[in-house]
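# Fold and geometry: a report
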Amino acid sequence: MYELYEDAASFSLGGVTVYLYGLFLALGAALMLVTLRLTGKKRGLPSGTAALYGALAIPMALLLARAVYCALDTNFSVVASLRAALLLNAGGYAMSGALAGAVLAALIAARIQKTDVKTLLDALAPALLIFVLFERIGEGFTALGISRPL
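Report follows, based on the coordinates.

So, how was this worked out
- Residues numbered from 1 in each chain as written.
- Predicted model: local features only at pLDDT ≥ 70, side-chain atom pairs only at ≥ 80, totals over all residues.
- Heavy atoms only, no water.
- Helix = DSSP H or I, 4+ residues; strand = E, 2+ residues; numbered from the N terminus.
- Buried < 20%, exposed > 50% of the residue type's maximum accessible area, 1.4 Å probe, protein only.
- Contact = heavy atoms within 4.5 Å.
- Areas by Shrake-Rupley, 256 points an atom, 1.4 Å probe, with all protein chains shown as cover.
- Salt bridge = Lys/Arg side-chain N within 4 Å of Asp/Glu carboxyl O.
- Pairing = 2+ DSSP bridges.
- Core = buried A, V, L, I, M, F, W, Y, C linked by side-chain atoms within 4.5 Å.
- 1 Å grid on protein atoms, 1.4 Å probe; cavity = no way out; pocket = protein on both sides within 12 Å on 5 of 7 lines; lining within 4 Å.
- Points joined across faces, edges and corners; volume = space filled by probe spheres on them.
- Nonpolar A, V, L, I, M, F, W, Y, C, P; charged D, E, K, R; others polar.

Scanning the chain from terminus to terminus reveals 6 helices and 2 strands. Helices (α) and strands (β) of the chain occur, in sequence order from the N terminus, as β-β-α-α-α-α-α-α. Across the 150 residues of the chain, 35% fall into the buried class. Intrachain contacts of the chain at a sequence separation of at least 6 include 67% that bridge at least 24 residues. When the accessible surface of the chain is split by element, carbon and sulfur atoms take 67% of a total near 9200 Å².

Before going further, it helps to spend a moment on the pattern of salt bridges. Scanning all chains against the criterion turns up 2 salt bridges. Glu135 is the partner of Arg136 in a salt bridge, and the nearest nitrogen-oxygen pair spans 3.7 Å. By the burial criterion, Arg136 is buried, and Glu135 matches it. Residue Glu139 is joined to Arg136 by a salt bridge in which the shortest nitrogen-to-oxygen separation is 3.2 Å. Here Glu139 pairs with Arg136, and both are found in helix H6 (residues 117–139), just 3 residues apart, close to one helical turn. Look at Arg136 and you get buried, because its relative accessible area is 15%.

Sheet topology note: the strand S1 (residues 10–13)/strand S2 (residues 16–19) ladder contains 4 bridges and is antiparallel. Within the sheet, the bridge partner assigned to Phe11 lies in S2 and is Val18.

One finds Leu36, Tyr53, Leu120 and Leu124 to be the most contacted residues of the largest nonpolar core, which totals 25 residues. Of all the elements in the fold, those that place two or more residues in this core are helix H1 (20–42), helix H2 (49–72), helix H5 (95–113) and H6. When near neighbours in sequence (up to four residues on either side) are disregarded, Leu120 contacts Leu36, Leu45, Thr49, Ala106, Ala109 and Ala110.

Before going further, it helps to examine the layout of surface pockets. In this structure, the second largest pocket spans a volume of roughly 170 Å³. Those elements giving two or more residues to the lining of the second largest pocket turn out to be H1 and H2. Ranked by the residues each element gives to the lining of the second largest pocket, the list is headed by H1, at 4 residues. Here the residues of the lining of the second largest pocket sort into 6 nonpolar, 4 polar and 2 charged.

Next up, the structure:
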């Protein structure tokens, strides 16, 4: 099992190490989907849009965050390899890539649901702000602290 930085705040739950950063990420993602469901309902989005969006957005955001990190981070270029790109505990989650993945997922979800993409993006805006808020709070529990302002 991979360990994050030794200074990262964590606790043990049933023999599993739980990092506060990961806990905040999960909480932010869950609240993002709840917010999208509520704002989408007010805007008349089809039922199930938030669930479909979540199934698309979470893996796409992770994938694009890693892709942006691998393409742009100078630290990655020193050890550039497929193994290093897939080493998720090594850092390099680029928020710009994650948000790009989230928007791309919204475009795909709107097409699948046959709904107006502008309406979905309007409903998604406050949900993404909630995710970013929880992610930034979670960063404070790592050895690196809060990264560059977004």
